[in-house]
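# Structural overview for review
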Amino acid sequence: MLGSDVLLCFIFYSTLLILKMYIIAIITGQVRLRKKAFANPEDAERHGGVQFCRIDLYVERCMRAHRNDMENIFPFLFLGAIYSMTGPSYAVARLHFLVFFLGRVVHSIAYLLALKAPTRSFAYVIAQVPCVSMAIQILMEVASFA
């Protein structure tokens, strides 16, 4: 009912990416609690007082990792969905989805653990390659209709 094997593969990796984003959000919340660094006074009051309404560098790092996921995963969801409809070979499509997924996982780990440069940048670039490839293939597929 969901369609082709390519679409099912895309749904699998997309769901894993969404779950990864939830995990980063949960980690951010747990770090806030552990560090007692709350963004809102009402949250700080509940956990010890307004003095805990403050900025923590590691909480900020977690939030940047999450924001970076949103900036990259949301476009992938669009590109991958459209790409899946263009009739690519399963093996090539799976490779696109897998490389993006693994790149984003490594990127998040590098961000959260503050791994030495250029680990995070390398993971970012690796994850962008399948997105650029899918975008080019989509444009080639629809260019005659523009």
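A complete count under the given rule lists 3 salt bridges for this structure. A salt bridge links K20 to D69; the shortest N-O distance between them is 2.5 Å. Linking K20 in helix α1 (residues 5–35) with D69 in helix α3 (residues 57–84), this pair joins segments that are 49 residues apart in sequence. Each member of the pair K20 and D69 is classed as buried. Measuring nitrogen to oxygen at the nearest pair gives 2.8 Å for the salt bridge that ties R104 to D69. In this pair, R104 sits in helix α4 (residues 90–112) while D69 sits in helix α3, placing the two residues 35 residues apart along the sequence. The residues R104 and D69 share a single accessibility class, namely buried.

Cut-offs used in this document
Residues numbered from 1 in each chain as written. Predicted model: local features only at pLDDT ≥ 70, side-chain atom pairs only at ≥ 80, totals over all residues. Heavy atoms only, no water. Salt bridge = Lys/Arg side-chain N within 4 Å of Asp/Glu carboxyl O. Helix = DSSP H or I, 4+ residues; strand = E, 2+ residues; numbered from the N terminus. Buried < 20%, exposed > 50% of the residue type's maximum accessible area, 1.4 Å probe, protein only.

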